[in-house]
Amino acid sequence: MSTERTTYFLMANLGSEIARFFALKKRNNRDDMLRSAERAFEIMRQLTQHQNIGNGKQEVARLKMIIEDTLSDSPQFVITPEELNSYFLPFAERALTT
């Protein structure tokens with residue numbers, strides 16, 4: 001059985017991957033963090049190929065910018081787990097109900 005990769009499904013998975021990314025950052029696990037970033041970028045690529053994403057392309061671009069910033073030598077953004085959860089929770093809920 002194959003699960004359809006809807007926009008909500010991909011956003012929910014992106015949320016999980018970004019949460020993993022920041023957890024790895026907190027543990028100073030740079031190698032796994034880079035692998036997690038690559039998985040997140042792949043999900044973002046899939047999202048931007050969806051026809052029904054609309055203005056979501058801008059959101060995906062911002063999320064990519066946040067990951068790239070976090071990987072940089074002098075990050076500018078401060079993202080908390082609570083902010084991540086509150087942003088991605090509606091996508092996860094919607095993916096489960098559709």
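Residues numbered from 1 in each chain as written. Predicted model: local features only at pLDDT ≥ 70, side-chain atom pairs only at ≥ 80, totals over all residues. Heavy atoms only, no water.

### Section: the confidence of the model for the protein chain
- Per-residue pLDDT for the protein chain averages 89, and the proportion of residues at 70 or more is 95%.
- The least confident element of the protein chain, judged by mean pLDDT, is helix α4 (residues 81-97) at 84; the most confident is helix α2 (residues 30-48) at 96. (pLDDT = per-residue confidence, 0-100. Helix = DSSP H or I, 4+ residues; strand = E, 2+ residues; numbered from the N terminus.)

### Concerning the packing of aromatic side chains
- Under the definition given, this model contains five aromatic pairs.
- Taking the centre distance of 5.2 Å and the plane angle of 90° together, the rings of F21 and F22 count as edge-to-face.
- Ring centres of Y87 and F88 lie 4.8 Å apart, and the angle between their planes is 90°; on these two criteria the pair is classed as edge-to-face.
- For Y87, a relative accessible area of 27% gives the class partly exposed.
- Given the relative accessible area of 6%, F88 is considered buried.
- In textbook terms, an aromatic cluster arises when at least three aromatic residues are bridged by ring pairs, as seen for Y8, Y87, F88 and F91.
- Note that K64 overlies the ring of F41, its terminal NZ or CZ placed 5.7 Å from the centroid. (Phe/Tyr/Trp six-rings, centres within 6.5 Å; stacked < 30°, edge-to-face > 60°. Buried < 20%, exposed > 50% of the residue type's maximum accessible area, 1.4 Å probe, protein only. Lys NZ or Arg CZ within 6 Å of the ring centre and 35° of its normal.)

### Some words on α4
- When the terminal C-alpha atoms of α4 are compared, their 24 Å separation across 17 residues agrees well with the 24 Å that a helix rising 1.5 Å per residue should span.
- By the largest-angle criterion, F88 marks the main kink of α4, which is about 40°, and a proline, P90, follows within four residues.
- Here α4 has its buried residues at L84, F88 and F91.
- Where α4 is buried, its residues contact α1 (7-26) and α3 (56-71). (Expected span 1.5 Å × (residues − 1). Bend = angle between axes of the 7 residues up to and from the residue. Contact = heavy atoms within 4.5 Å.)

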